[in-house]
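Observations on the model geometry
Letter by letter, the chains look like this.
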Amino acid sequence: MKAKNDILQGTLVLLVLRSLASRGKMHGYAITNHIQQVSSDLLRVEEGSLYPALHRMTQDGWLRAEWGKTEKNREARFYSITAEGRRQLEREEASWARLQSGVRKVLRYT
Amino acid sequence: MSRFLNLFRRAKVSREIAKELDFHISERTEQLIASGIPREHAERRARRQFGAYALHKEDAWMTNLIGWIESLAADVRYALRGFAKSPGFAAVAVLSLALGIGANTAIFTLLDAVLLRSLPVPHPEQLVAIDIGDNGAEVTNPIWEQLRDHQDVMQGVLAWSQRRVVLETGAEKRFVSAVLVSGSYFLTLGVGAALGRVLTSEDDRRGCAGVAMLSEGFWQKEYGGSSGVIGKTIRLSDQPFEIAGVVRAGFPGLDVGSAPSVFVPICTEPLFHPGGAPNNLDARSTWWLDVIGRLKPDVSLAQARARLNTLAPGIFEATQPTGLRAESLERYKRYRFAVRPAPSGFSDIRKYQDALWTLMLGVGLVLLIACANVANLLLARATARQHEMAVRTALGAGRLRLVRQTLTESLLLSLTGAALGLIFAGWASRALAAMISTTQSTVILDLSPDARVLAFTAGAAVITGVLFGLVPALRLSRVSPGAAMKSSSRGASSGVTRMRFSKGLIAVQVALSMILLAGAGLMLGTFRNLTTLNAGFRAEGVLLVNAGVNRNLPPDAQIRARLALLEKLRAIPGVRSASVSALTPISGVGWNGYAKVEGQPERPGREKLVFFNAASDAYFETLGTPLISGRDFSQRDTAASPLVMIVNASMAHRFFGNSNPLGRRIQVERDGQYGEAREIVGVVADAKYRNLRQDAPATAYLPVAQHTVVVLGSSYELRVSGPVASLIPAIKDTLSPGSDVPVQIRPFTQQISDSLVQERMLATLGAMFGALALALAALGLYGVLSYNVARRRNEIGIRVALGAARARVLAMVMGEASWLAFVGLGLGVAGALAASRLLGAFLYGMQADDPRNLAIAALSLAAVAAAAAYLPARRAASVDPMTALRDE
């Protein structure tokens with residue numbers, strides 16, 4: 001059951017940072033939903049890796065975590081991106097672009 | 001502190017993570033339900049999507065701890081699997097450790113209970129014993145009263161004295177143990193009452209009526225713990241005592257090892273001497289009270305001692321005994337108080353403390369030998385496991401990890417051994433306590449393991465575990481994977497060093513065994529000497545009967561009653577001869593005084609000191625003491641007839657040299673005056689007096705009928721024929737109607753055996769430890785040689801194939817063994833000579849460096865070593881070269 005829409009190793013950080021940069025504050029569950037919807041169900045975030053990644057990124061100072069209420073008035077932990085996180089996002093986007101162009105070149109070569 | 005905060009912070013972090021994940025799962029579940037999936041499926045699916053992270057062990061600290069526990073568990077599992085594969089090895093190791101650690105714990109438990117444990121009272125560290133320096137532990141009642149009324153450096157002082165009294169319940173009479181206590185006893189100690197009230201100074205006034213407190217155990221046993229006992233009367237030695245209260249549970253008095261039944265005030269002492277007999281309250285030369293004080297918190301021991309000794313001259317001036325000679329009186333007035341810490345109370349059993357420490361040392365050696373054995377077993381296993389370790393190293397196991405693994409194994413062995421040993425120790429320490437109990441005084445100790453004992457056992461387990469585990473562990477972890485995997489599983493290269501270490505261990509084992517055997521030999525020799533010496537009497541076939549007569553009678557009536565009882569006892573069929581005396585030999589009790597030849601000056605110094613006994617006719621015949629010359633006492637020696645005495649050979653020689661003592665006259669001192677002279681009518685052979693160790697002192701025997709002052713109890717001696725047990729009912733029947741004091745009947749041999757408690761304990765345990773050491777050393781030697789033979793099988797095969805004679809192979813292995821034994825014995829003899837000096841004080845008729853004893857120990861060790869070596873040697877000699885070489 002290795003699904004085709006599992007997120008490629010290493011891109012999770014990029015996707016989380018990007019989502020938080022464009023959408024602002026979100027809790028973990030909202031992040032999974034957001035990525036899934038925006039990618040038209042092409043990408044699905046594995047919960048098992050999302051939370052360790054969120055905690056790691058918080059520790060690295062890229063994200064800030066705080067407790068707040070959802071619209072349904074339930075307590076949840078909300079994450080937002082920090083300045084440091086934005087700089088990391090730029091680096092990640094640049095490296096993704098390099099990877100993408102590299103892969104594309106290999107694929108074009110027949 | 002910050003560590004704690006950290007812990008809390010971490011706990012908070014984990015809680016937050018859990019909360020966050022719960023939120024996610026419930027949101028997901030709701031979404032799935034909304035999309036039409038039934039709740040239970042939805043929930044399971046939401047949870048499943050989390051996978052392993054549901055365990056959310058992000059926390060590094062937790063991860064580490066859990067990882068550590070998991071790998072420890074793995075180590076333990078691995079070790080257990082290993083032991084399951086070689087159950088013989090594990091059983092031998094665990095059992096020998098259990099015996100070693102258990103025996104150590106048992107002796108330590110006893111030491112702890114007798115010596116180390118503090119009294120179960122508040123602030124035992126404040127308690128100090130007060131006695132008169134070199135004059136022994138006890139004081140007279142006048143001294144005690146002075147001390148009580150004049151001291152001002154203690155919160156309180158208390159005095160007590162323990163004795164056996166006769167308890168009367170209905171028709172039955174028996175001895176119980178009572179403590180006479182000062183009024184300050186319970187309040188100063190801080191011991192309360194379980195029921196009723198404690199005794200106070202109000203109860204302890206001259207001329208008081210009988211009042212008593214019961215011990216909790218006695219109350220439970222005799223009265224079933226009934227609360228109605230308060231105010232009831234208990235009869236002790238024919239006197240009524242009103243029960244005032246019950247002492248709280250768990251307080252056995254200040255004499256550790258005895259468990260008194262009743263506590264009565266000191267002022268009731270005269271009640272135990274009915275008929276106006278002199279009592280101890282005003283006696284100025286009867287030393288019978290022990291004194292303990294409780295220091296004030298801000299007063300040091302030295303200050304207390306200094307203060308008491310400024311009081312001492314006044315106290316001793318006021319209490320000087322009458323009838324003392326001038327020089328004794330001068331010495332008396334110079335007495336000073338000694339003050340020493342006494343947080344653990346007093347104990348008669350402490351006379352065995354040197355013996356117990358010696359045994360502790362011996363049993364420690366046994367444990368060392370057991371350790372050496374297990375170390376050797378582990379080493380042999382380690383060599384067999386080199387290959388496995390090499391593989392593990394190659395797979396990336398760190399050296400520390402491997403050491404940990406092997407240490408886990410050894411600690412597992414030693415801890416299992418200790419756990420078993422604790423069970424064994426519970427049994428063994430009770431057996432030991434029984435060993436130092438005698439028929440006269442049962443030792444009652446709290447032998448439940450306390451924190452100190454448990455710490456001792458745990459410490460012993462860990463130390464032994466590391467001791468025998470570390471070398472094999474380090475040895476193993478040093479294996480280079482390449483080398484070990486290339487060579488065959490035998491690990492030929494490191495085998496040599498391993499063998500050198502193993503052999504070293506064997507030599508040490510032999511040496512330690514030698515020390516133990518030599519010590520055991522000395523103790524066995526001492527015991528044999530004491531039991532086979534010519535004591536001057538024949539104890540076999542003699543029964544001792546304790547039965548008093550009514551002490552309310554005047555002294556001459558008491559004597560007549562005794563002699564009448566004696567006649568009745570002589571009439572019992574099976575009694576060949578019988579006598580009555582003031583005391584019996586080897587009872588530990590003595591009666592001495594000064595004597596001189598009539599018309600001559602007294603002899604100098606201690607030469608005038610003579611020991612006495614009062615005896616009826618047939619006393620010497622009954623005990624089997626030969627009459628050398630003159631005559632025995634007869635029934636014609638009465639109060640009315642001329643005064644006579646019989647002396648022993650030592651006394652005759654001291655007072656008269658080689659001239660004939662018969663017909664000479666001796667005066668005996670009483671109250672500073674020499675009394676009427678007695679004619680010597682007989683001389684008997686020397687007989688041991690108070691104990692077997694001391695030579696028979698100069699002894700004078702007086703006829704009971706002429707012994708006007710009844711100073712001691714009386715004992716009947718019966719020489720009987722046939723089985724003893726069948727006579728006991730007849731004796732009881734004979735005595736009961738006329739006597740009102742409990743009957744105690746026991747063989748004379750029992751009394752003698754009671755006097756040899758320490759010697760028997762040292763000899764028995766010494767022999768046990770020696771045998772154990774011998775067995776362990778033999779096992780060790782056998783194991784190492786067997787292993788060595790197995791290792792060298794090919795080599796031996798080649799030798800045989802090349803024409804070596806079987807006998808030569810046999811000699812080769814035996815030679816190796818004897819080399820080890822020789823080195824060990826050499827070390828052992830030196831060690832034994834050094835260690836035997838510790839035993840000097842316990843010996844009788846043996847020299848600590850007795851060469852015969854050393855030779856016997858060395859020879860038995862050599863013989864056992866030879867036997868242990870012979871089996872592997874024969875195996876080596878019977879190696880078939882063909883199979884040995886084919887196996888290569």
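Residues numbered from 1 in each chain as written. Chains lettered and ligands numbered in written order. Predicted model: local features only at pLDDT ≥ 70, side-chain atom pairs only at ≥ 80, totals over all residues. Heavy atoms only, no water.

Taken as a whole and assessed by the stated rule, the structure comprises 37 salt bridges over all chains. Note that Lys 72 of chain A is salt-bridged to Glu 30 of chain B, the shortest N-O span being 3.3 Å. Of this pair, Lys 72 of chain A sits in the loop between strand 2 (63–69) and strand 3 (75–81) while Glu 30 of chain B sits in helix 1 (residues 2–34), each in a different chain. A relative accessible area of 53% means that Lys 72 of chain A is categorised as exposed. Asp 152 of chain B is the salt-bridge partner of Arg 307 of chain B, the closest N and O atoms lying 2.8 Å from each other. One end of the pair, Arg 307 of chain B, is in helix 8 (residues 301–318); the other, Asp 152 of chain B, is in the loop between helix 5 (141–150) and strand 2 (154–169), and 155 residues separate them in sequence. A relative accessible area of 31% means that Arg 307 of chain B is categorised as partly exposed. One network of salt bridges, with partners in common, ties together Asp 112, Arg 117, Asp 446, Asp 450 and Arg 452 of chain B. (Salt bridge = Lys/Arg side-chain N within 4 Å of Asp/Glu carboxyl O. Helix = DSSP H or I, 4+ residues; strand = E, 2+ residues; numbered from the N terminus. Buried < 20%, exposed > 50% of the residue type's maximum accessible area, 1.4 Å probe, protein only.)

Residue and element names in this part refer to chain B. Taken N-terminus to C-terminus, the directions of helix 22 (residues 793–801) and helix 23 (residues 806–839) make an angle of 145°; their axes are 10 Å apart at the nearest point. Note that helix 22 runs across helix 23; the crossing there is right-handed. Facing helix 22, whose interface residues are Ile 796, Arg 799 and Val 800, helix 23 presents Arg 806, Val 809 and Met 812. Within the contact of helix 22 with helix 23, the residues separate by chemical class into four nonpolar, no polar and two charged. (Axes fitted to C-alpha atoms, helices over the stretch in contact; angles between N-to-C directions. Left-handed = near helix turned anticlockwise from the far one by under 90°. Contact = heavy atoms within 4.5 Å. Nonpolar A, V, L, I, M, F, W, Y, C, P; charged D, E, K, R; others polar.)

Residue and element names in this part refer to chain B. Buried residues dominate strand 16 (residues 644–648), accounting for five of its five residues. Burial along strand 16 is two-sided: the residues Val 644, Ile 646 and Asn 648 and Met 645 and Val 647 are all buried. Relative to strand 19 (residues 678–684), strand 16 runs parallel, the two being bridged by five bridges. Note on strand 19: the bridge partner recorded for Val 647 is Val 683. In the sheet, strand 16 pairs with strand 20 (residues 699–703) via two bridges, with the strands oriented antiparallel. Within strand 20, the residue paired with Ile 646 across the bridge is Tyr 701. (Pairing = 2+ DSSP bridges.)

So, on to the domain arrangement of chain B. Examined at the domain level, chain B breaks down into domain 1 (2–58), domain 2 (124–343), domain 3 (351–531 + 757–887) and domain 4 (548–742). Look at where the C-alpha atoms of domain 3 of chain B and domain 4 of chain B centre, and you get two points 56 Å apart. (Domains from an automatic or database assignment.)

All right, on to the interface of chain B and chain A then. Size of an interface: often given as the accessible area lost when the parts come together. The interface is formed by 16 residues belonging to chain B together with 19 residues belonging to chain A. Together chain B and chain A conceal approximately 1,900 Å² of surface at their shared face, both sides included; 49% is due to carbon and sulfur atoms. Our count for the contact surface shared by chain B and chain A stands at six salt bridges. One can count nine residue pairs in polar contact (both at pLDDT 80 or more) joining chain B with chain A. Class assignment for the residues of the side of chain B that touches chain A results in five nonpolar, four polar and seven charged. (Buried area = accessible area lost by both parts, 1.4 Å probe. Polar contact = N/O pair within 3.5 Å; in protein donor to acceptor, adjacent residues only side chain to side chain.)

Turning our attention to the packing of aromatic side chains. Residues and elements named next belong to chain B. Within this structure, the stated rule accounts for 23 aromatic pairs over all chains. Arranged with centres 5.0 Å apart and planes meeting at 80°, the rings of Tyr 185 and Phe 186 form a pair that is edge-to-face. Each member of the pair, Tyr 185 as well as Phe 186, carries the same accessibility label: buried. Centre to centre, the rings of Tyr 185 and Phe 251 are 6.3 Å apart; their planes meet at 70°, and the pair counts as edge-to-face. Placement of Tyr 185 in helix 6 (residues 185–189) and of Phe 251 in the loop between strand 7 (239–247) and strand 8 (262–265) is noted, with a sequence separation of 66 residues between them. Aromatic rings pair up to connect Trp 287, Phe 316, Tyr 332, Tyr 335 and Phe 337 into one cluster. A cation over an aromatic ring shows up here: Arg 164 above the ring of Phe 175, its NZ or CZ 4.1 Å from the ring centre. (Phe/Tyr/Trp six-rings, centres within 6.5 Å; stacked < 30°, edge-to-face > 60°. Lys NZ or Arg CZ within 6 Å of the ring centre and 35° of its normal.)

Moving on: the nonpolar core. All names here are of chain B. Counting residues in hydrophobic clusters, the biggest one holds 91 residues, and the most contacted among them are Tyr 185, Phe 186 and Phe 251. Top contributing element to this core by residue count: helix 21 (residues 757–791), with 13 residues. Each of two domains, domain 2 (124–343) and domain 3 (351–531 + 757–887), supplies a minimum of three residues to this core. Ignoring any residue separated from it by four or fewer positions in sequence, one finds Phe 251 in contact with Pro 120, Val 121, Tyr 185, Phe 186, Leu 189, Val 191 and Phe 263. (Core = buried A, V, L, I, M, F, W, Y, C linked by side-chain atoms within 4.5 Å.)

All right, on to the environment of Glu 16 of chain B then. Turning to its location among the elements, Glu 16 of chain B is positioned in helix 1. Glu 16 of chain B gets classed as partly exposed once you look at its relative accessible area, which sits at 22%. Among all residues touching Glu 16 of chain B, those that are not within four sequence positions of it are Trp 67 and Arg 77 of chain A.

Okay, the side chain of Arg 792 of chain B next. Within the secondary structure, Arg 792 of chain B is located in the loop between helix 21 and helix 22. Residue class for Arg 792 of chain B comes out buried when judged on its relative accessible area of 17%.

Our focus in this paragraph is the sheet that holds strand 3 of chain A. All names here are of chain A. Taken together, the three strands give an open sheet; going across it, the order is 1-3-2, and neighbouring strands pair in antiparallel fashion. Each end of this open sheet is capped by a strand with a single partner; those strands are strand 1 (26–27) and strand 2. Here seven bridges tie strand 2 to strand 3, and the two strands are oriented antiparallel to one another. The residue of strand 3 that forms the bridge with Arg 64 is Ser 80. Sitting on the sheet, helix 1 (residues 11–23) is in contact with strand 1, strand 2 and strand 3, with an inclination near 95° to strand 3.

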